[in-house]
Amino acid sequence: MKGAHRIIVQNKRIRYDFEVRRNITVIRGDSATGKTALVDMIREYYENGSASGIELACDKECTVLEGRAWTVQLAMMQDSIVFIDEGNGFVGSDAFAAAVQDTDNYYVIVTREGIPSLPYSVDEIYGIRNSGKYGTLKRTYNEFYHLYRSADYKQEVRPERVVTEDSNSGHQFFQAVCGKSGIGCVSAGGKSNIFRTVLGQAEVKILEHPEDYIESRDYFSWERFFTALLVRDTKDTHLRYVKRHLNPAYLQERVQNKILDVMDRVHLG
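Residues numbered from 1 in each chain as written. Predicted model: local features only at pLDDT ≥ 70, side-chain atom pairs only at ≥ 80, totals over all residues. Heavy atoms only, no water.

Caption draft 1: Highlighting the overall build of the protein. Counting its secondary structure elements, the protein contains 7 helices and 11 strands. Residues counted as buried form 32% of the 269 residues belonging to the protein. Across the protein, every contact between residues at least 6 apart in sequence was considered, and the portion connecting residues at least 24 apart equals 51%. Accessible surface, the protein: about 17,700 Å² in total, of which carbon and sulfur atoms supply 51%. (Helix = DSSP H or I, 4+ residues; strand = E, 2+ residues; numbered from the N terminus. Buried < 20%, exposed > 50% of the residue type's maximum accessible area, 1.4 Å probe, protein only. Contact = heavy atoms within 4.5 Å. Areas by Shrake-Rupley, 256 points an atom, 1.4 Å probe, with all protein chains shown as cover.)

Caption draft 2: Region of the structure containing the nonpolar core. Ranked by size, the top nonpolar core spans 23 residues in total, and within it Tyr16, Leu38 and Phe83 carry the most contacts. Among the elements of the structure, strand 1 (5-10), strand 2 (14-20), helix 1 (35-48), strand 5 (61-64), strand 6 (80-84), strand 7 (106-110) and strand 8 (125-130) are those that each provide at least two residues to this core. Contacts of Phe83, omitting those with residues within four sequence positions, involve Ile7, Phe18, Leu38, Ile42, Cys62, Thr63, Val64, Leu65 and Val108. In terms of nonpolar packing, the next biggest core, distinct from the first, is built from 18 residues, Val91, Phe96, Leu118 and Ile125 among them. (Core = buried A, V, L, I, M, F, W, Y, C linked by side-chain atoms within 4.5 Å.)

Caption draft 3: Layout of the packing of aromatic side chains. This structure, assessed with the given rule, holds 9 aromatic pairs. Arranged with centres 6.1 Å apart and planes meeting at 90°, the rings of Tyr241 and Tyr250 form a pair that is edge-to-face. Comparing Tyr241 with Tyr250 shows no difference in burial state: the two are buried. Taken together through their ring pairs, the aromatic side chains of Trp70, Phe90, Phe96 and Tyr107 make up a single cluster. (Phe/Tyr/Trp six-rings, centres within 6.5 Å; stacked < 30°, edge-to-face > 60°.)

Caption draft 4: Structural detail: the pairing of strand 11 (residues 184-187). Where strand 10 (residues 161-164) meets strand 11, 4 bridges bridge the pair, whose relative direction is parallel. Directly across from Val163, in strand 11, lies its bridge partner Val186. (Pairing = 2+ DSSP bridges.)

Caption draft 5: Quick peek at the side chain of Asn247. When you line up the elements, Asn247 lands in the loop between helix 6 (222-234) and helix 7 (253-261). Among all residues touching Asn247, those that are not within four sequence positions of it are His238, Leu239 and Arg240.

Caption draft 6: Highlighting helix 1. Given a rise of 1.5 Å per residue, 14 residues ought to cover 20 Å, and the 20 Å separating the end C-alpha atoms of helix 1 matches this to within 8%. Those residues of helix 1 not exposed but buried are Lys35, Leu38, Val39, Met41 and Ile42. One side of helix 1 carries all its buried residues, which in axial view fall inside an arc of 160°. A positive backbone phi angle near 60° is found at Gly49, which sits one or two residues after helix 1. (Expected span 1.5 Å × (residues − 1). Arc of directions from axis to C-beta.)

Caption draft 7: Broad picture of the environment of Pro119. Tracing the sequence through the fold places Pro119 in the loop between strand 7 and strand 8. Residues Pro119 and Ile24, spaced 95 residues apart in sequence, show a C-alpha to C-alpha distance of 7.7 Å.

Caption draft 8: Broad picture of the pairing of strand 2. Counting buried positions over the 7 residues of strand 2 gives 6, a clear majority of the element. Where strand 1 and strand 2 come together, 6 bridges link them in antiparallel fashion. Along strand 2, the bridge assignment pairs Ile7 with Phe18. Between the end of strand 1 and the start of strand 2, which pair antiparallel, lie 3 residues.

Caption draft 9: Seen up close, the state of the cysteines. Evaluation of the coordinates by the stated rule reveals 0 disulfides. Of all cysteine sulfurs, the one in Cys62 lies closest to Cys58, which takes part in no disulfide; the gap is 4.0 Å. You can call Cys58 partly exposed: its relative accessible area is 23%. With no disulfide of its own, Cys178 lies 4.8 Å from the sulfur of Cys185, the closest cysteine sulfur. On the basis of relative accessible area, Cys178 is assigned to the buried category, the value being 4%. (Disulfide = S-S within 2.5 Å.)

Caption draft 10: Inspection of the confidence of the model for the protein at higher detail. Overall, the prediction assigns the protein a mean pLDDT of 83, with 88% of residues at 70 or greater. Taking the mean pLDDT of every element in the protein, the minimum, 66, falls on helix 5 (residues 194-208) and the maximum, 97, on strand 5. (pLDDT = per-residue confidence, 0-100.)

Caption draft 11: Focus on the side chain of Asn88. With respect to the secondary-structure elements, Asn88 resides in the loop between strand 6 and helix 3 (94-100). At 3.0 Å, the side chain of Asn88 forms a polar contact with the backbone nitrogen of Gly67. A distance of 3.1 Å separates the side chain of Asn88 from the backbone oxygen of Asp85, its partner in a polar contact. Not counting chain neighbours up to four residues away, the residues in contact with Asn88 comprise Leu65, Glu66 and Gly67. (Polar contact = N/O pair within 3.5 Å; in protein donor to acceptor, adjacent residues only side chain to side chain.)

Structural data, given as structure tokens:
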């Protein structure tokens, strides 16, 4: 499949009107923003057509991939726009990443987590918001918006360090260019390691020697410094931290385990 494809799906209560342009489109956002409702409507229309009370207009077939039998379902999907809700754990697996690369479908994936095994563009990560455009008709219009856009950044970028995905030709080019300016250039050893490489080394240094980074004039305690750091670094992400109310993302079992692992000699289980 190639090209841009417009999808309009609506019922008496809600309407979505958006366009997909690449093989992977990611939808992120907090609960109750309409992400799951979109997938549910696609599923209902696919199963029951106009009898579902849903109208869907698109030049390609729109369907939903889900459940334990996803490999069987996927094998039968061709030249389609495939929607996947975040409750399906297979999305983050290497098996899924390998399977979709052999298809001619576009995929719209609802998830709050990153998907390091899939090669998607930052330009195709969207949120959903209620624009109220159809309020007089008593229908909610849910609008897609870019979460990250290069046009949002107006200032010049002067990197302290450049991180490349791997150690191939791209790394060799930037290593040569950065070497002329004395800028460090490192390889992440794969796209799944980029986030860890970018933040990991700096965060480890801060954790090992916080006294070298915390200005006592600005922060009366180290706790206040690390709280401010967490709030700043998670702002506008699915991990957004607010002290008064815990983000449900931190209650996921794997996140709980990572936090407990660094609590020496504390056993709560």
